[in-house]
Amino acid sequence: SNTAAETPQSAAPAGDDAGLASYTAEDVAKHSSQKDLWLIIEGKVYDVTDWQKKHPGGAAALLQYAGRDASEAASSAHGANTRPAQKMQEFLIGTLAADSGAGGPPAPSAAVPPLSGKGDLKERLKEKNAA
């Protein structure tokens, strides 16, 4: 994968992440293939392309979150085990830009527009079925 092609958005926050590039969720989403695989975990961006074959949970576990936020899955899979977090430092390439939100496509529920107009859902369904 080619990190030089990305354009860091802003200076990284101070502290442990000082000096790291900052990427938006859109930047990370471009790296969603087996040959170029980035993940977001707890607001940090990891290039795990070279780790897939060695990942104890299998490459598929990483690939299903390619280009997206894998925080919940990583936390669920690794629990309190500190070894994965230590290993992940090798693949850390940046932080998620503060204005970028969570990585990946929105949850399916976000695509459903809120009900608007007269009546509640049951009434609207009755009207539709009666037509």
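Per the counting criterion, the structure on display carries 2 salt bridges. Across the pair Lys 30 and Asp 27 runs a salt bridge whose closest N-O atoms are separated by 4.0 Å. Residue classification places Lys 30 among the exposed residues on the basis of a relative accessible area of 59%. Exposure remark for Asp 27: the relative accessible area of 7% places this residue in the buried category.

A few words now on the confidence of the model for the protein. Across the protein, the average pLDDT comes to 78, with 63% of residues at or above 70. Every residue in residues 103-119 is under pLDDT 50, and counting partners more than four places away or in other chains gives 12 contacts.

With that settled, the discussion passes to the sheet that holds strand E2 (residues 32-33). In spatial order, the strands read E1-E5-E4-E3-E2; together these 5 strands make up an open sheet with mixed pairing. What marks the edges here is a single partner per strand, and that holds for strand E1 (21-23) and E2. Two strands pair when backbone bridges link them, and E2 and strand E3 (residues 36-41) are joined in this way by 2 bridges, in the antiparallel orientation. Note that in E3 the partner of Ser 33 across the bridge is Asp 36.

Let's shift gears to the pairing of strand E4 (residues 44-47). Pairing between E3 and E4: 4 bridges, direction antiparallel. Counted as the bridge partner of Leu 39 is Tyr 46 from E4. From the end of E3 to the start of E4, which pair antiparallel, there are 2 residues, and Glu 42 there has a positive phi angle of about 50 degrees. Of the pairings in the sheet, the one linking E4 to strand E5 (residues 92-96) comprises 3 bridges and is antiparallel in character. Looking at the pairing, Lys 44 lines up with Thr 95 of E5.

The rules behind these values
- Residues numbered from 1 in each chain as written.
- Predicted model: local features only at pLDDT ≥ 70, side-chain atom pairs only at ≥ 80, totals over all residues.
- Heavy atoms only, no water.
- Salt bridge = Lys/Arg side-chain N within 4 Å of Asp/Glu carboxyl O.
- Buried < 20%, exposed > 50% of the residue type's maximum accessible area, 1.4 Å probe, protein only.
- pLDDT = per-residue confidence, 0-100.
- Contact = heavy atoms within 4.5 Å.
- Pairing = 2+ DSSP bridges.
- Helix = DSSP H or I, 4+ residues; strand = E, 2+ residues; numbered from the N terminus.

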